[in-house]
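An overview of the molecular structure
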Amino acid sequence: MKTDFQTGSTESSSVAQSFEQIFLEHWDAIYRLLVRMTGDPAEAEDLALETFFRLHRHPPQEGEGYNPGGWLYRVATNLGLRSIRSFKRREQYEMRAGKEALEVAQEDRPAVLFEKKEQNRLAHRALAKMNPRRAELLVLRYSGMSYKDIAEALGLSPTSIGPLLLRAEREFEKVYRALDQEEEA
Amino acid sequence: MKKHLNDGDLRAALDGELDKAGLQHLESCPACQERQNLIRTQVQQAARRLSFLSAPARPTRPAAQTALTHFHQRINNRKEISMFRKLFASPLVRAGLVIVLILVVVLSIPSTRALAGKFLNLFRVQQVVVVPVDFTGMQQLTGNQTLGKQVSDLISSSITTQQKPGSPVTVADAASASQQAGFNVRVPQGLTPSRISVEGAAAFTIKVDAAKAQALLNESGRSDLVLPSSINGADVSVTIPASVTVSFGTCPDPSAQDTANILNGNGSAGRQYPDCVILAELPTPTVSAPPELNIAQLAQIGLEFTGMTSDQAAAFTQTVDWTSTLVIPLPKNAATYQQVTVDGVTGTLIQRPADDAPQYALLWIKNGIIYAISSLGTNSQQALQLANSLP
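These notes cover the structure that comes with them.

Analysis parameters
Residues numbered from 1 in each chain as written. Chains lettered and ligands numbered in written order. Predicted model: local features only at pLDDT ≥ 70, side-chain atom pairs only at ≥ 80, totals over all residues. Helix = DSSP H or I, 4+ residues; strand = E, 2+ residues; numbered from the N terminus. Buried ≥ 20, exposed ≤ 12 C-beta atoms within 10 Å, placed from the backbone. Contact = placed C-beta atoms within 7 Å. Core = buried A, V, L, I, M, F, W, Y, C linked by C-beta atoms within 7 Å. Axes fitted to C-alpha atoms, helices over the stretch in contact; angles between N-to-C directions. Left-handed = near helix turned anticlockwise from the far one by under 90°. Nonpolar A, V, L, I, M, F, W, Y, C, P; charged D, E, K, R; others polar.

With respect to the overall build of chain A
Of regular secondary structure, chain A possesses 8 helices and 0 strands. For chain A, the α and β elements follow one another from N to C terminus as α-α-α-α-α-α-α-α. The buried share of chain A, reckoned over its 185 residues, is 44%. Nonlocal contacts in chain A, meaning residues at least 24 apart in sequence, comprise 65% of its contacts between residues at least 6 apart.

Considering the overall build of chain B
Looking only at helices and strands, one finds 14 helices and 16 strands in chain B. Counting over 391 residues, chain B shows a buried share of 36%. Here the analysis covers contacts within chain B between residues at least 6 apart in sequence; of these, 70% occur between residues at least 24 apart.

Section: the nonpolar core
All names here are of chain A. One finds Ile-30, Leu-34, Ala-48, Ala-76, Leu-138 and Ile-150 to be the most contacted residues of the largest nonpolar core, which totals 59 residues. When residues of this core are assigned to their parent elements, the largest contribution, 10 residues, is made by helix 1 (residues 12-38). For Leu-34, the contacting residues outside a window of four places in its chain are Ala-44, Leu-47, Ala-48, Ala-76 and Gly-80.

Focus on the environment of Leu-18 of chain B
All names here are of chain B. Take Leu-18: it is sitting in the loop between helix 1 (7-14) and helix 2 (20-28). As for Leu-18 and Gly-8, which are separated by 10 residues in sequence, their C-alpha atoms are 9.6 Å apart. Ignoring any residue separated from it by four or fewer positions in sequence, one finds Leu-18 in contact with Asp-9, Ala-12, Ala-13 and Leu-23.

Quick word on the environment of Cys-276 of chain B
Residue and element names in this part refer to chain B. Mapped onto the fold, Cys-276 is located in the loop between helix 11 (268-272) and strand 10 (277-283). Placed 28 residues apart in sequence, Cys-276 and Phe-248 show a C-alpha to C-alpha distance of 5.7 Å. Excluding residues within four positions of it along the chain, Cys-276 makes contact with Ser-247, Gly-249, Thr-250, Cys-251, Ser-375 and Leu-376.

Observations regarding the packing of helix 8 (residues 158-184) of chain A against helix 3 (residues 30-49) of chain B
The N-to-C vectors of helix 8 of chain A and helix 3 of chain B enclose an angle of 65°; their axes lie 10 Å apart at closest approach. Along this stretch, helix 8 of chain A crosses helix 3 of chain B, giving a crossing that reads as left-handed. Facing helix 8 of chain A, whose interface residues are Leu-166, Glu-169, Arg-170, Phe-172, Glu-173 and Tyr-176 of chain A, helix 3 of chain B presents Ile-39, Gln-42, Val-43, Gln-45, Ala-46 and Arg-49 of chain B. For the contact of helix 8 of chain A with helix 3 of chain B, the residue count by class is 6 nonpolar, 2 polar and 4 charged.

If you want it as structure tokens, here you go:
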């Protein structure tokens, strides 16, 4: 069954309500994910609204494995990654992501804070540069999703997540180190 | 389980995601444990670098209920803007004019003069008036692709182009722009433009087939609106002089496609061109029409079509001097407007809400030139300062 949040039938009021329930249930998590990814609250809100707009406009098929939360995470992750890949905006995100990290960090020693900021900046660059599917997997996992939820969101078998995740982490590390060396040179 | 675990299983075990049989093997297999320790080091490294993805967010986020309100506003805005675009999607609008067949017409001072042996009304824009319109009332037209195409076909078959403006040409300075455009181009003092471009003049004639237009109105469910017979075959000639665009900051390419992309955009466009401000200067276009064409009557029909009640449309029509006014229909919920004093005259400041692709445009007319300052941002004070620094 295809969910249609936009129909004008009498059935639509209950469906529309379910969209609102989904929105209220997942808004915080989606928004927080995008703030962490972009470091920019305004951009995060914009992208989070866009994520729900897509759900409203083209909702996923209902049926076995129907998981609007996973679907939202996946769309939000892709919007966030696309956004940090944007050449024009990447630099300002990196700056803001570093600033965001400083503001949430418990640490208050300047040298440690500076190092953390640099790490975040490089991590953003690495995510933007690496294979998009692997970057997506890393974002989903490190933002706290279980293997089961990741598997549902990406349409994969839960047993494949471990190997794919390890591959993604290795590529991330490789790209991160290369960027680090490139900047030092 | 005797077979050793693969790296993927060992990785899953670190997250507590390995099945029971695998875990049992791991507990009793020193070789697998050793390999897992190596993997653990790699994973811990990545986890440290990606820890920002699970850090607590600052409590500045909009609450879910507030965000839901923003969401509904955005949906309504997009609906209205989409309808607005479909209705007014024509090169004329991009030139800064709103001329809509049968609906609302660009008008100005009627000065009767002989032209090719015929008496025509000659119009010239002298002031700007905004009319808020609820475009959601036009679902029938805009939601119907066939009907939309018929409207587009009617418009394109009704227009004969005499002169095309061509692509904008970048010039070196205000003096060159003045020379090419044929009027005195004003550039704010003390500011260096990032680009000055000139777009050529355009001219076209509109000839309406009243029967076809009425049929479309009927099909869109508005058979209550009856077009006057005077529009049938009436020749309306429009001449748009060359215009000049002066850009400040990093601005999108002046090509139509790029501009359309920006207009379609969400909030990102504003962040992509945060410092872009564009000043457009256009000598008032002239519109000539047969004297028997009752413009006020057509305007009223147009306003009713866009969703106003008959009484509202009649009341508005009476307040406007249709002989000298550029009427800009604005989506009711997607933009606000106010009158402001600018450049020594009264201008109109139009703003789109800040939470969804903020934009503003400041319009005024002085000494026969239409000026418009627009930006993808919220700092409309900047436009007023810029306007008031014109020489």
